[in-house]
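Chain and residue survey
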Amino acid sequence: MRRTRILTVLLALAAGLLAGSPPTALAAGTPEAAVTADTYTWKNARVDGGGFVPGIVFNRTEKDLAYARTDIGGAYRWQESSHTWTPLLDHVGWDDWGHTGVASIASDSVDPDRVYAAVGTYTNDWDPGDGAVLRSADRGATWARTDLPFKLGGNMPGRGMGERLAVDPHDNDVLYLGAPSGHGLWRSTDAGVTWSEVTAFPNPGNYAQDPGDTSGYASDNQGVTWVTFDESTGSAGTATKTVYVGVADKENAVYRSTDAGTTWERVAGQPTGYLAHKGVLDAENGYLYLAYSDTGGPYDGGKGRLYRYATATGTWTDISPVAEADTYFGFSGLTVDRQNPGTVMATAYSSWWPDTQIFRSTDSGATWTQAWEYTAYPTRENRYTMDVSSSPWLTWGANPAPPEQTPKLGWMTEALEIDPFDPDRMMYGTGATVYGTQNLTNWDDGGTFAIEPMVRGLEETAVNDLAAPPSGAPLLSALGDVGGFRHTSLTEVPSMMYTSPNFTSTTSLDFAEKNPDTVVRAGHLDSGPHIAFSTDNGANWFGGSDPSGVSGGGTVAAGSDGGRFVWSPEGAGVHHTTGFGTSWQASSGIPAGAVVESDRVDPRTFYGFKSGTFYVSTDGGATFTASPATGLPSGDSVRFKALPGAEGDVWLAGGAADGPYGLWHSTDGGTTFTKLSGVDAADTVGFGKAAPGATYQTLYTSAEIGGVRGIFRSTDAGASWTRVNDDAHQWGWTGAAITGDPRVYGRVYVATNGRGIVYGDTAGDGGTDPGPDPTPTGACEVTYTVTNQWPGGFQADVRLTNTGTAAWNGWSLDWTFAGGQRVSRMWNAEHTRSGTTVTAGNVDWNARVGPGASVGFGFTGEWSGTNAEPTAFRMAGRSCTTG
């Protein structure tokens, strides 16, 4: 998305993540806590996508083998049997958090078991560690690592160009890596074990997005950006002779070696004034295709061109589908149909409005068609249909005016690949998801091809805050980019993110402990309020008003009865209000930028922390008093929470390597704090249901205890600890938020910085989804909605809710079409028809529906005469109510 990949960095910076290496343990001699381990199962609370996917790579010799890279959320492998993605870098630990940013990925076509990832998130000092090349001989199940003497930038400007990493298609011991920051071109001749600079390569690049940026983020040289082999110039076992390399230099963008990398020269006659985002070679016809933009992306780009280079004659041809004067975008996504090499596709990656554009040629770029075009402005005619019922939030709840549509084809569309074994399958990445089609060649026959999300299993949200109320939805999330969700089920994609208002990122949220239907959230919005309220547990929202000067979300706290709120926004000092934020008053006695929380029992007590001092208010946030407590962390990398059901019981986590760091506990409302011995470092704290027979709620923390970094649980108020994650499940940085579930003992929700919301259950509990508290009005409820209709056809969505008290382990829903309609195609359910009666049944992954939870499916159908909606639905012979 446009803002939040940078925003995530700034939030982490505020939390102390990027100031240096992740903090290490305190001085030796501190008594170690008793630590044990438990076996947990880990899953994602499903969002499906939520972030930028800049690269998709298909293996050229094995069918159905594909990988995706993300800018901060690791790498994934495609599972054809389930049409899902499997995460490959969850093992990355706290100290190496930067290795969750993937700058490039390469699949070995000689030995498909081999895969490589070039990892590192930032090239400036936000990421204190250098980059690395990870190599796997088992398709990413396990990895070995070679550290590099420079940084890589998986989340830097230009990250959609590439691929920077490539395996020689004839001699797979040879790999090349294009480096940023002026470090040039690197090569390995031992399958990625060791690397050395190709000193003969003449140009390390010179383009920076903003040379004047003092942070080093936009001012870094984007360097050497892609490597492409001409496989027609080699044979098995010998290095490919001709190699093309792209460089971030508008005057010298493409170089070539014809002697397997010994010498290099600028390719003569090449266009200038643009950056070559991609270089894709069709060896059968002897063409190198290049996608150019005037900037490095992924957000910017105002002009672009497509070129074809004839490798035998050296002839350059401008094959752009539109005149240069008519471009307001750059080109980046670029792919060749390997079964029909004359077929080429490209994207207008930076066409934000009214939509991205996808171009297709079946004659090597001589002529083009496009995915949509105007009939009579602003009316569009699309060559495609879109079905986002599996990720319904991709509509953003929008109702745009033409020529905009919802859902959009996407934005930041720099990854585009036709399956080399199946001309009908194409995938492309956007700033929010992976889309794909299974009937692409309909495009060429004048028909429409069907686009849908192909993203299940790929979770790439950056999580800023989490809340698990004692009733209602089991989880509420505050996310970067997509704002956040009310998760009524952990195993279903939420229907929509928070709207009214729709924050670009939610920075903080809270609910009233004694009245969980009252919820407040704060976040970022370009225009509009930075705070919103809900009175129905987050299902619906309304915006509040901002005090003068507010520029960002900050932190917010709800009084335990929902009658008062305290807000510490960016750009203004701490404020308080009664009611729902129609009028705010400045709080006194507490500095701007303090983190605020509420007591979970006394509705008038609120707490704050800033720069080593704890603050307490007993008058609803009007005035705060500094606590006399000493020895607390001196910096602002601190998170604290008050225990539900116990007035004045506060836990505080945080610190830094050069000062106090760990976990503190107060039982007197913050007047005094006791530091827990043996907790070397702690960054989050949360509470969940007490263990059987325990009298104190379960504590959870992301911490270092006993010399080990991990996610820990304590059932005895911190006297002993159990590590609940393992080395295969670390997810990089987990320092933003953590909470237990108040209804399920042992369940813990963990915030990651790019791998979404992960939740764990003890092996004995196996991941039961509690769902929201049911309100039994019958066994089932059905909502039937016609979402689109056209002459002779229509599309409908059906939502089936379990309103009983027991979970379903399989379901079958019947209804009758009074108008004689027929189902053409159904998704997320299997269907049969008998006369006018339709029966829809579960598929394997949505068979279980907990009490209060819902399952959704959709279909397209045909109609004639009338398209009357069904009036009665039955499940197992029992009538369902209709919503």
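All values derive from a computational prediction rather than experimental measurement.

Here the focus is the overall build of the protein chain. Check the secondary structure of the protein chain and you find one helix and 71 strands. Expected size for 883 residues packed as a compact globule is a radius of gyration near 29 Å; at 28 Å, the protein chain falls within 12% of this value. C-alpha atoms of the protein chain, sized along the principal axes, occupy 80 × 75 × 50 Å. For the protein chain, the proportion of its 883 residues judged to be buried stands at 61%. If you take every contact in the protein chain between residues at least 6 apart in sequence, the share linking residues at least 24 apart comes to 56%.

What follows is about unusual backbone geometry. In the segment running from G162 into E163, the intervening peptide bond is cis, with an omega of 15°. On the secondary structure map, E163 appears in the loop between β10 (144-147) and β11 (165-167). Between T406 and the following residue, P407, the backbone shows a cis peptide bond with an omega angle of 0°. Mapped onto the fold, P407 is located in the loop between β29 (384-386) and β30 (415-418). Unusually for a residue other than glycine, W731 sits at a positive phi of about 60°.

This part covers the sheet that holds strand β9 (residues 132-136). As summarised here, the arrangement of the four strands in space is β7-β8-β9-β10, forming an open sheet in which the pairing is antiparallel. Each edge of the open sheet carries a strand with a single partner, namely β7 (102-107) and β10. When the angles between neighbouring strand axes are averaged without regard to direction, this sheet yields 15°. Sheet topology places β7 next to strand β8 (residues 115-119); five bridges connect them, and they run antiparallel. The residue bridging S107 from the neighbouring strand is V115, located in β8.

This next bit is on the pattern of salt bridges. Overall, the coordinates contain 29 salt bridges when judged by the stated rule. Sharing partners across several salt bridges, the network here consists of K63, D64, E80, D419 and R425.

Another point: the sheet that holds strand β6 (residues 84-87). With antiparallel pairing, four strands are arranged side by side in an open sheet as β3-β4-β5-β6. A strand with exactly one partner marks an edge of an open sheet, and here the two such strands are β3 (55-58) and β6. Neighbour-to-neighbour, the strand axes of this sheet turn through a mean angle of 30°, independent of strand direction. The sheet contact formed by strand β5 (residues 75-79) and β6 spans four bridges and is antiparallel. Within β6, the position partnered with Y76 by the bridge is P87.

This model, assessed by the stated rule, comprises one disulfide. Put simply, C780 and C880 are joined by a disulfide, and their sulfur atoms are 1.9 Å apart. One quick way to see it: the torsion about the S-S bond of C780 and C880 is about -90°, and its sign makes the bridge left-handed. In this pair, C780 is assigned in strand β61 (residues 780-790) and C880 in strand β71 (residues 878-882), connecting sequence segments 100 residues apart. Judged by relative accessible area, C780 falls into the buried class, the value being 1%.

Time to look at the packing of aromatic side chains. Under the defined criterion, the tally for this structure stands at 53 aromatic pairs. Relative to F565, the ring of F533 lies with its centre 4.9 Å away and its plane at 70°, an arrangement referred to as edge-to-face. Placement of the pair is F533 in strand β39 (residues 531-534) and F565 in strand β42 (residues 564-570), with a sequence separation of 32 residues. In terms of burial, F533 and F565 fall into one category: buried. Put simply, the rings of Y784, F794, W811, W815, F817, F857, F859 and F873 touch in pairs and so form one group of aromatic residues.

Together, W353, Y374 and Y377 line one region of the surface with nonpolar side chains, adding up to about 360 Å² of accessible area. Position of W353 among the secondary structure elements: in the loop between β24 (344-348) and β25 (357-361). The exposure class of W353 is partly exposed, given its relative accessible area of 43%.

The subject of this paragraph is the pairing of β8. The element β8 is extensively covered by neighbouring structure, given that five of its five residues are classed as buried. Because side chains alternate across β8, one face comprises the buried residues V115, A117 and V119, and the other comprises Y116 and A118, equally buried. Across five bridges, the pairing between β8 and β9 is antiparallel. Considered in β9, the bridge of Y116 is made with R135.

Attention shifts here to the environment of G562. Tracing the backbone shows G562 in the loop between β41 (552-558) and β42. Residues G562 and F511, spaced 51 residues apart in sequence, show a C-alpha to C-alpha distance of 7.6 Å. The contact partners of G562, leaving out residues within four places of it in the chain, are A512 and T518.

So, on to the environment of N340. Among the secondary structure elements, N340 is positioned in the loop between β23 (334-336) and β24. With a relative accessible area of 39%, N340 lands in the partly exposed category. Here the alpha-carbon distance between N340 and Q370, two residues 30 residues apart in the chain, equals 18 Å.

For the protein chain, per-residue confidence averages 92 on the pLDDT scale, and residues scoring 70 or more make up 94% of the total. Across residues 1-32, confidence stays below pLDDT 50; counting only partners more than four residues off in sequence or on other chains, it has 87 contacts. Predicted confidence for residues 771-777 stays below pLDDT 50, and this span has 25 contacts to residues more than four positions away or in other chains.

Another point: the side chain of E460. For E460, the location among the structural elements is in the loop between β33 (449-453) and β34 (463-467). Of the residues examined, E460 reaches a relative accessible area of 0% and is grouped as buried. Within polar-contact distance, the side chain of E460 engages the backbone nitrogen of F52 at 3.1 Å.

This part covers the environment of T882. The topology assignment puts T882 in strand β71. When the C-alpha atoms of T882 and T801 are compared, they prove to be 10.0 Å apart, with 81 residues separating the residues in sequence. Residues in contact with T882, not counting those within four places in the same chain, are E781, V782, T871 and F873.

A few words now on the side chain of S361. Turning to its location among the elements, S361 is positioned in strand β25. A distance of 2.8 Å separates a polar atom in the side chain of S361 from the backbone oxygen of T367. Apart from residues no more than four positions distant in its own chain, S361 is found in contact with G342, T343, V344, A366, T367 and W368.

Rules used in this analysis
- Residues numbered from 1 in each chain as written.
- Predicted model: local features only at pLDDT ≥ 70, side-chain atom pairs only at ≥ 80, totals over all residues.
- Heavy atoms only, no water.
- Helix = DSSP H or I, 4+ residues; strand = E, 2+ residues; numbered from the N terminus.
- Rg over C-alpha atoms; globule rule 2.2 N^0.38 Å.
- Buried < 20%, exposed > 50% of the residue type's maximum accessible area, 1.4 Å probe, protein only.
- Contact = heavy atoms within 4.5 Å.
- Pairing = 2+ DSSP bridges.
- Axes fitted to C-alpha atoms, helices over the stretch in contact; angles between N-to-C directions.
- Salt bridge = Lys/Arg side-chain N within 4 Å of Asp/Glu carboxyl O.
- Disulfide = S-S within 2.5 Å.
- Phe/Tyr/Trp six-rings, centres within 6.5 Å; stacked < 30°, edge-to-face > 60°.
- Patch = residues over 30% accessible without salt bridge, like charges linked within 9 Å, V, L, I, M, F, W, Y side chains within 5 Å.
- Areas by Shrake-Rupley, 256 points an atom, 1.4 Å probe, with all protein chains shown as cover.
- pLDDT = per-residue confidence, 0-100.
- Polar contact = N/O pair within 3.5 Å; in protein donor to acceptor, adjacent residues only side chain to side chain.

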